[in-house]
Amino acid sequence: MSGLHTLTIHEAYDLLRSGEITSRELTQAVLERIEAVEPKVRAYITLTPELAIQQAEEADRLREAGNGSDVLVGIPLAIKDNLCTRGVLTTCASKILQNFVPPYDAHVVERLRRRSAVFVGKTNMDEFAMGSSTENSAFFVTRNPWNLECVPGGSSGGSAAAVAADMCIASLGSDTGGSIRQPAALCGVVGMKPTYGRVSRYGLVAYASSLDQIGPITKDVTDCAILLNAICGKDHRDSTSVDVPVPDFTAALVPEVKGLRIGVPKEFFAQGVAPEVAEAVYRAIRLLEEMGAIAEETSLPYIEYGLACYYILAPAEASSNLARYDGVKYGWRTQELTGHIDMVEKTRGEGFGAEVKQRIMIGTYALSAGYYDAYYLKAQQVRTLIRRDFDRAFEQYDVLITPTSPTVAFRIGEKADDPLAMKLADVCTIPVNIAGLPALALPCGFQDGLPIGLQIIGKPWDEQTILRVAYAYEQATDWHRKKPAL
Ligand code: GLN
């Protein structure tokens, strides 16, 4: 059977279960696809083909023995390179971790491994997840499968590009300010950031701990629900993971939106949002209205301060989290040193890239005595106001719908020298992290051959409603079936 690499998780599962294909064949097809297109796209920092074949054969044995009924058995997945994988290099796309081989699995990886998923490799990203284009990777830039001159978005650009180019069946990313949703939108795939506390971050290299969340990047909404099922739940090793019931998210996949109340916050369609993007999102909302939903314009006045608030809080937390890279415990250590202080200084000077250093300095500044109240404390207060904006909106609406990214994918290099323009790429996604809410990015059109993504934001712990709306829209459209030419 040809084209196995294009399958979704649920399609592959049907064929595996009926015995029409084996996991080895599926994995082989994905590895061949990688051989064919990875030289153009460059989504992976590390590939583990032998391991993948071994795991696939093991999965086939499980199935033959009658123990393969789980939907993830033998499914080839890709993992963002800031998630620890036992025995496999985990670099965070940073020179400072370029030799780091974790002795343990991240919680999410462990759960997938236990369910006999197959791991094909670790995906490229912006260094320490700081960026929106993968241009901040210390190693190389990933290219957008829809147009190789363009960025795939970031920071989970490798994970999104790998899914869009069929170099894996699905992947995991992390999202601190949009790093799952923005690249998913720019690559024309589905990406979800769950509610803060839904997924344990044990083994995720920390960037900004009050914002970080792990989530799925997939070819369709059904796969998103399947992968979400696999990674959610309380884990005592991450004290922020919350002990709330985890529903079966696939049960939410009914194309039914009658009476559903959609808020359309006008601030997300303001300045900077390309007219073509806004139009595609409005068209999607009209389609949901035709299906029986009730949409209404609303306003979240404090959203305007989202970006400014984030760029105090995230760097402040990063400056603390990244203090651990001192040349003693992890990865890179400078070659020439005259003493401890000198060693730490040189190690960090050589090991971190420019963007990471800039964030550490901004964060340290914002936390210093004398500036703390003016910056960090103020940002925390603004955070509360933004959260209240959302709380108020959700008294009236079941979901909010906005663009995911204000524009389609931009050209490599276009924003690299303009930090503000780059940061504006996350203007629609960042407020969601600030408020800890779940949100999903979903393809809803094209501009100049590049995908446009809409964003569905939900109430805390209400991923089901988001998935239901996304599924209803997906069933009524065929954007998710479009493939890049490559
Ligand atoms: N682009 C944003 C940043 O650089 C968000 C990144 C992320 O979500 N990890 O911080």
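All values reported here derive from a predicted model rather than from experimental measurement.

What counts and what doesn't
Residues numbered from 1 in each chain as written. Predicted model: local features only at pLDDT ≥ 70, side-chain atom pairs only at ≥ 80, totals over all residues. Heavy atoms only, no water. Helix = DSSP H or I, 4+ residues; strand = E, 2+ residues; numbered from the N terminus. Rg over C-alpha atoms; globule rule 2.2 N^0.38 Å. Contact = heavy atoms within 4.5 Å. Areas by Shrake-Rupley, 256 points an atom, 1.4 Å probe, with all protein chains shown as cover. Near = heavy atom within 4 Å. Polar contact = N/O pair within 3.5 Å; in protein donor to acceptor, adjacent residues only side chain to side chain. Pairing = 2+ DSSP bridges. Axes fitted to C-alpha atoms, helices over the stretch in contact; angles between N-to-C directions. Core = buried A, V, L, I, M, F, W, Y, C linked by side-chain atoms within 4.5 Å. Buried < 20%, exposed > 50% of the residue type's maximum accessible area, 1.4 Å probe, protein only. Parallel < 35°, antiparallel > 145°, perpendicular 65-115°, else oblique. Nonpolar A, V, L, I, M, F, W, Y, C, P; charged D, E, K, R; others polar. Salt bridge = Lys/Arg side-chain N within 4 Å of Asp/Glu carboxyl O. Phe/Tyr/Trp six-rings, centres within 6.5 Å; stacked < 30°, edge-to-face > 60°. Lys NZ or Arg CZ within 6 Å of the ring centre and 35° of its normal. Patch = residues over 30% accessible without salt bridge, like charges linked within 9 Å, V, L, I, M, F, W, Y side chains within 5 Å. Disulfide = S-S within 2.5 Å.

Draft legend 1. Geometry of the overall build of the chain. Counting its secondary structure elements, the chain contains 15 helices and 11 strands. Its C-alpha atoms give the chain a radius of gyration of 21 Å, near enough to 23 Å, the size a compact globule of 486 residues would have. In terms of overall dimensions, the chain has a C-alpha envelope of 65 × 55 × 45 Å along the principal axes. Contacts in the chain between residues far apart in sequence, at least 24 positions, make up 75% of those at least 6 positions apart. Here the chain has roughly 17,900 Å² of accessible surface; of this, 51% comes from carbon and sulfur atoms.

Draft legend 2. Focus on the site of the ligand. In the vicinity of the ligand there are 15 residues, among which G177, S179, Y207, Y310 and D426 approach most closely. One nitrogen or oxygen atom from the main chain of G178 is found 3.2 Å from an oxygen atom belonging to the ligand. Between R359 and the ligand, the recorded distance is 2.8 Å, taken from a side-chain N or O atom to an oxygen atom. In the complex, the protein chains occlude 100% of the 290 Å² of accessible area that the ligand would expose alone.

Draft legend 3. Main features of the sheet that holds strand β8 (residues 294-298). Here we have 11 strands laid out as an open sheet, ordered β1-β3-β2-β4-β6-β5-β10-β11-β9-β7-β8, and mixed in their pairing. Looking along the sheet, the strands with just one partner apiece sit at the ends: β1 (44-47) and β8. The average undirected angle you get between the axes of adjacent strands in this sheet is 30°. In terms of strand pairing, strand β10 (residues 439-447) meets strand β11 (residues 450-458) through 8 bridges, oriented antiparallel. Looking across to β11, one finds that P443 is bridged to G453.

Draft legend 4. Structural context of the pairing of β8. Of the strand pairs in this sheet, strand β7 (residues 261-265) and β8 are connected by 5 bridges, and their pairing is parallel. If you follow V264 over to β8, its bridge partner there is E297.

Draft legend 5. Main features of the nonpolar core. Ranked by size, the top nonpolar core spans 158 residues in total, and within it L112, F128, F390, I401, L440, I456 and L467 carry the most contacts. The biggest single contributor to this core is helix α9 (residues 306-321), with 9 residues. Look past the residues within four positions of L440 in its chain and what remains in contact with it is V190, G191, M192, C224, L454, Q455, I456, I466, L467 and A470.

Draft legend 6. A look at the packing of helix α4 (residues 107-114) against helix α7 (residues 221-231). Close contact between α4 and α7 brings their axes to 8 Å; oriented N to C, the two are set at 105°. As far as their axial angle goes, α7 and α4 are roughly perpendicular. Only L227, N229, A230 and I231 of α7 make contact with α4, whose side of the interface consists of V108, R111 and L112. Taken together, the residues that form the contact of α4 with α7 break down as 5 nonpolar, 1 polar and 1 charged.

Draft legend 7. How the structure looks around the pattern of salt bridges. Counted by the stated rule, this structure contains 23 salt bridges. R286 is paired through a salt bridge with E279; the nearest N and O atoms lie 3.1 Å apart. Look at R286 and you get partly exposed, because its relative accessible area is 40%. Put simply, D326 and K329 hold a salt bridge, and the shortest N to O gap is 3.4 Å. Among the charged side chains, a salt-bridge network with shared partners connects E110, R114, D235 and R237.

Draft legend 8. Examining the packing of aromatic side chains more closely. Going through the model one piece at a time under the given rule, you end up with 15 aromatic pairs. Between the aromatic rings of Y372 and Y376, the centroid separation amounts to 5.2 Å while the plane-to-plane angle is 45°, which identifies the pairing as tilted. Residue Y376 is classed as buried on the basis of its relative accessible area of 15%. Here the aromatic cluster, defined as three or more aromatic residues joined through ring pairs, consists of F100, F128, Y325, Y330 and F352. Here K95 stacks its cationic end above the ring of W332, 4.9 Å away from the centre of that ring.

Draft legend 9. Region of interest: a nonpolar patch on the surface. The grouping of Y365, Y371 and Y375 at the surface amounts to a nonpolar patch, some 290 Å² of accessible area in total. By secondary structure assignment, the location of Y365 is in helix α11 (residues 354-367). By relative accessible area, which is 40% here, Y365 ends up partly exposed.

Draft legend 10. Examining the pairing of strand β6 (residues 213-218) more closely. Most of β6 is tucked away: 6 of the 6 residues are buried. In terms of strand pairing, strand β4 (residues 170-175) meets β6 through 5 bridges, oriented antiparallel. When the bridges of β6 are listed, G173 appears paired with G215. In the sheet, strand β5 (residues 190-193) pairs with β6 via 2 bridges, with the strands oriented antiparallel. If you follow V190 over to β6, its bridge partner there is T218.

Draft legend 11. Focus on unusual backbone geometry. Following G154, the chain continues to S155 via a peptide bond in cis, the omega torsion being 10°. Structurally, S155 can be placed in the loop between β3 (118-123) and α5 (157-164). With a phi close to 60°, C92 is a non-glycine residue in the positive phi region. With respect to the helices and strands, the residue C92 is situated in the loop between β2 (76-80) and α4. When its relative accessible area of 1% is taken as the criterion, C92 is described as buried.

Draft legend 12. Region of interest: the state of the cysteines. A full pass over the atoms with the stated rule returns 0 disulfides. Free of any disulfide, C187 has its nearest neighbouring cysteine sulfur in C150, separated by 10 Å. Of all cysteine sulfurs, the one in C224 lies closest to C232, which takes part in no disulfide; the gap is 9.7 Å.

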